[in-house]
Amino acid sequence: MPESEDFDVFLSYSHVDGSHVEELARRINDRGLKVWIDKWVLVPGGKWQPEIAHGIRKANVCAVCIGEQTPSGWFREEIMRALNRQTSDVSFRVIPVLLPGAQESNVDDFLELRTWVDFRNGIDDRKAFHYLICGINGVAPGRFEEENASDTRLEKVRKGLIHLKLLHDEKLIDDENLSDYRCRMLDKLVETI
């Protein structure tokens, strides 16, 4: 992994909760944020422990995703490394994320001192996702209104534009096609107004 590559969020979790966390990773990434999740970043056959330490160093935030089990083993080590980084870097945030099935008793003494994001009502909880994105971006969530959370046409266009930018950044589409696709999307939006 290049030393200069930064991530918006490092996702720390137990592999028992992998499907929930990977779904969160996809949704976060769809918002145009760079996600460090082991399944996407670690090269098979490589030494994963130094890469995890590197990922925590290169992330702006660590989201500690806690499921039904109390953190143990390497998962606990990741949490400790993130909390240690936070003591020397006040801009680094550690966000406890309660997944479906989590118990408050699974959150250790140091993590419980931080503001949680609670997905215990389901991984598709829009309000919890809103809070998570705000935490990753380092902004106050403000008032959440459910009716504003639905995918409107404008929101779909916004997501589409983010996807186009990502494709362009990965050099999968050139400048001319990027411009053409953007114009088509905006034209469709204007037609519906």
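Check the entry above for the structure.
First, a word on scope: everything that follows refers to the structure included in this document. (Residues numbered from 1 in each chain as written. Predicted model: local features only at pLDDT ≥ 70, side-chain atom pairs only at ≥ 80, totals over all residues. Heavy atoms only, no water.)

Here's the deal with the overall build of the protein chain
A tally of helices and strands in the protein chain yields eight helices and five strands. Starting at the N terminus and ending at the C terminus, the protein chain contains elements arranged as β-α-β-α-α-β-α-β-β-α-α-α-α. Taking the intrachain contacts of the protein chain between residues at least 6 apart in sequence as the baseline, contacts between residues at least 24 apart amount to 64%. (Helix = DSSP H or I, 4+ residues; strand = E, 2+ residues; numbered from the N terminus. Contact = heavy atoms within 4.5 Å.)

Some thoughts on the layout of surface pockets
The calculated volume of the largest pocket comes to roughly 600 Å³. Forming the walls of the largest pocket are 24 residues, and the residues nearest its centre are Glu5, Phe7, Asn29, Lys34 and Glu170. Residue assignment for the lining of the largest pocket shows that the elements contributing at least two residues are helix H2 (38-41), helix H3 (48-58) and helix H7 (153-169). For the lining of the largest pocket, the residue count by class is 13 nonpolar, four polar and seven charged. (1 Å grid on protein atoms, 1.4 Å probe; cavity = no way out; pocket = protein on both sides within 12 Å on 5 of 7 lines; lining within 4 Å. Points joined across faces, edges and corners; volume = space filled by probe spheres on them. Nonpolar A, V, L, I, M, F, W, Y, C, P; charged D, E, K, R; others polar.)

Description of the environment of Lys58
One can find Lys58 in helix H3. Judged by relative accessible area, which is 16%, Lys58 ranks as buried. Note: C-alpha distance between Lys58 and Phe7 (51 residues apart in sequence) is 6.0 Å. (Buried < 20%, exposed > 50% of the residue type's maximum accessible area, 1.4 Å probe, protein only.)

Here's the deal with the nonpolar core
Core analysis: the largest hydrophobic core is formed by 24 residues, its most contacted members being Val9, Leu11, Leu24, Ile28, Val97, Phe119 and Leu132. For this core, the secondary structure elements donating two or more residues are strand E1 (9-13), helix H1 (18-30), strand E3 (61-66), strand E4 (93-98) and helix H5 (126-137). Ranked by the residues each element gives to this core, the list is headed by H5, at five residues. The residues contacting Leu24, other than those within four sequence positions of it, are Val97, Leu99, Phe119, Ile123, Phe129 and Leu132. Judged by nonpolar contacts, the second largest core, of 17 residues, contains Phe10, Phe92, Leu98 and Ala102. (Core = buried A, V, L, I, M, F, W, Y, C linked by side-chain atoms within 4.5 Å.)

Some details on H5
Taking 1.5 Å of rise per residue, 12 residues should cover 16 Å, and H5 covers 16 Å from first to last C-alpha, within 8% of that figure. Buried within H5 are the following residues: Ala128, Phe129, Leu132, Ile133, Cys134, Gly135 and Ile136. Residues of H5 that are buried in the fold lie against E1, H1, E3, E4 and strand E5 (117-118). The opening residue of H5 is Asp125, an N-cap whose side-chain oxygen sits 3.0 Å from the backbone nitrogen of Lys127. Positive backbone phi, approximately 75°, marks Gly138, located one or two places after H5. (Expected span 1.5 Å × (residues − 1). Polar contact = N/O pair within 3.5 Å; in protein donor to acceptor, adjacent residues only side chain to side chain.)

Focus: the pairing of E3
Counting buried positions along E3 gives six out of six residues, so the element sits mostly inside the fold. Judged by which residues are buried, E3 turns out to be covered on both faces: Val61, Ala63 and Cys65 on one side and Cys62, Val64 and Ile66 on the other are all buried. Sheet topology note: the E1/E3 ladder contains four bridges and is parallel. Within E3, the residue paired with Phe10 across the bridge is Cys62. As judged from the six bridges shared by E3 and E4, these two strands associate in the parallel manner. The residue of E4 that forms the bridge with Val61 is Arg93. (Pairing = 2+ DSSP bridges.)

Overview of the sheet that holds E5
The strand order across the open sheet formed by five strands is E2-E1-E3-E4-E5, and the pairing between neighbours is parallel. Edge positions in the open sheet fall to strand E2 (35-36) and E5, since each of these has one partner strand only. This element, H1, spans E1, E2, E3 and E4 of the sheet and lies at about 170° to E1. Against the sheet, H5 touches E1, E3, E4 and E5, its axis set at about 165° to E4. (Axes fitted to C-alpha atoms, helices over the stretch in contact; angles between N-to-C directions.)

Note that all results are geometric; they support no functional claim without further evidence.
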